[in-house]
Amino acid sequence: MQNKVEKKKRVSLTSKEVSELIAEGIVTVILLLLLNVAIMVLFTQMLNNSPDLTDAIYRSKDIFASNLGSDIFWSGRNFVIPFFIIIDVLIVFWRLIRRYRQMQLRHIINELHYIANGNYDYRIPFELRGDLSKVVDSINGLVDSTVAAIEDEREIEKSKDELITNVSHDIRTPLTSIIGYLGLIEDGQYQSNEEILKYTSIAYKKAKQMKSLVEDLFEYSKVRQPSVPINNVSFDMVQLLEQLAADFELEAKKKNVQIQIETKEAQLVMDGDTEKLVRVFNNLITNALKYGTKANKIAIVIEKAKNEAVVTVKNNGSPIPREALDQLFDRFYRVDGSRSQEISGTGLGLAIAQNIVNLHGGYIYAQSNDDWTSFIIHLPLYKNQMKPTPDNH
């Protein structure tokens, strides 16, 4: 959809509207002339019927003529006619301006109808003055906000459709396996108890995968709500992450990965919901263990920067492609290399982490190069602290 105009312009009157203005001016002039004549006739009758008034006007003329030394004051026409002309010109000008404003308003209404017919990319282009200019600016601003709301609604609907599609796909795949293997058992299509155990084991693993997806969906839907409560408590971030690293030590050892805490802070006391923040770092460490191909080290770096706690969770595995970095926090998104059947996951972990960080008034972003793939979190140290603004990365 293209705009009818590209820049501001004055209201262009049609020939019919110009004719209306001319007719308005002519009619007004005729009415004023008739009114002037009527006033002159009435005033003349008043003078003829009131000798005292006539005498007072004559004395006033004499005083002005004597004091100013001019005979111009002896003729009333020298004052009355210019006075009437000035008043008439002002009235005609006021009437024409008033009618022109009405025509401008009519054009604005026509433009508004054009927008209302679905042309939401169009804006009223007129360059006006005074209140009409404010009206046009307000209408254009209203259209802008309406278009933004429509776009947001479309994005929400698109997001819902994608969510349903992705959830359906991720649930259908393990569910198909469960039904298939249980169907084999139900139909007696097995040769030994070992085969039964194999089938039930696969069905059990797929059921756990579905349970994990449902739990992540539930968690994601919770943290997406702006009204979700944050149970802020004062805690030591260094101690929390040291404990979390210890919890992953056994799993990391199985994969020949070393988890290290790196910090210059003996302790870093801050406010936050520890249960939700543990979920954030749990997701990041789990992702590093699952998707950090060829990694042998996971480093958790804790720093204090002014009124922020900056926590970096990084691994020295294969780098993430540049084009994938901006999509990492989209729900259900997984880098192509991590879509193998051997690596299970819902693709919701980073989306959940981002929402929890946002609820705390912070932000999270990712960086990746040949040395490290890093997830960097900025969190305010104290409750109700002004939300920080991300730097340009």
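Residues numbered from 1 in each chain as written. Predicted model: local features only at pLDDT ≥ 70, side-chain atom pairs only at ≥ 80, totals over all residues. Heavy atoms only, no water.

J.: So, the sheet that holds strand 2 (residues 258–263): which residues are in play, and what are the values?
T.: Overall, mixed pairing links the five strands, which are arranged 2-4-5-7-6 in an open sheet. Two strands bound the open sheet, and with one partner strand each, they are strand 2 and strand 6 (363–368). For this sheet the average axis-to-axis angle between neighbouring strands, irrespective of direction, equals 15°. Note that strand 5 (residues 308–315) and strand 7 (residues 373–380) share eight bridges and pair antiparallel. (Pairing = 2+ DSSP bridges. Helix = DSSP H or I, 4+ residues; strand = E, 2+ residues; numbered from the N terminus. Axes fitted to C-alpha atoms, helices over the stretch in contact; angles between N-to-C directions.)

J.: Account for helix 10 (residues 349–359), naming residues and giving values.
T.: Because each turn of an α-helix spans 3.6 residues, side chains separated by three or four positions in sequence point in the same direction. Most of helix 10 sits inside the fold, with eight of its eleven residues counted as buried. Those residues of helix 10 that sit buried are Gly349, Leu350, Ala351, Ile352, Ala353, Asn355, Ile356 and Val357. (Buried < 20%, exposed > 50% of the residue type's maximum accessible area, 1.4 Å probe, protein only.)

J.: Kindly report on a negative patch on the surface, identifying the contributing residues and their values.
T.: A cluster of acidic side chains, namely Asp152, Glu153, Glu155, Glu157, Asp161, Glu162 and Asp330, defines a negative patch on the protein surface. Turning to its location among the elements, aspartate 161 is positioned in helix 4 (residues 131–186). (Patch = residues over 30% accessible without salt bridge, like charges linked within 9 Å, V, L, I, M, F, W, Y side chains within 5 Å. Areas by Shrake-Rupley, 256 points an atom, 1.4 Å probe, with all protein chains shown as cover. Salt bridge = Lys/Arg side-chain N within 4 Å of Asp/Glu carboxyl O. Lys, Arg positive; Asp, Glu negative; His and termini not counted. Charge placed at Lys NZ, Arg CZ, Asp CG, Glu CD.)

J.: I'd like a description of the environment of glutamate 20, backed by residues and values.
T.: For glutamate 20, the location among the structural elements is in helix 1 (residues 15–49). Looking at glutamate 20, the relative accessible area reads 24%, which means it is partly exposed. Taking C-alpha positions, glutamate 20 is 9.8 Å from leucine 96, a pair spaced 76 residues apart along the chain. Those residues in contact with glutamate 20, other than ones at most four positions away along the chain, are Arg99, Met103 and Arg106. (Contact = heavy atoms within 4.5 Å.)

J.: Could you give me a rundown of the packing of helix 8 (residues 274–291) against helix 10, with the residues and numbers involved?
T.: As a packed pair, helix 8 and helix 10 sit with axes 9 Å apart at the nearest point and diverge in direction by 145°. Relative to helix 10, helix 8 is oriented so that their crossing is left-handed. In this structure, helix 8 contributes Lys276, Leu277, Arg279, Val280, Asn283, Leu284 and Asn287 to the contact, and helix 10 contributes Gly349, Leu350, Ile352, Ala353, Ile356 and Val357. (Left-handed = near helix turned anticlockwise from the far one by under 90°.)

J.: So, the side chain of lysine 276: which residues are in play, and what are the values?
T.: Topologically, lysine 276 is positioned in helix 8. On the accessibility criterion, lysine 276 (15% relative accessible area) is buried. Sequence-distant contacts of lysine 276, that is, excluding residues within four places in its chain, are made with Val228, Pro229, Ile230, Ile356 and His360.

J.: Any chance you could break down the pattern of salt bridges for me, citing the residues and the numbers?
T.: For the structure shown, the criterion picks out eight salt bridges. Among the salt bridges present, the one from glutamate 24 reaches arginine 99, with a minimum N-O distance of 3.2 Å. Of this pair, glutamate 24 sits in helix 1 while arginine 99 is found in helix 3 (residues 77–116), placing the two residues 75 residues apart along the sequence. Glutamate 24 sits in the buried class, given a relative accessible area of 11%. Among the ionic pairs, glutamate 151 bridges to arginine 154, the shortest N-O distance being 3.0 Å. Separated by three residues within a single helix, glutamate 151 and arginine 154 lie in helix 4, roughly one turn from each other.

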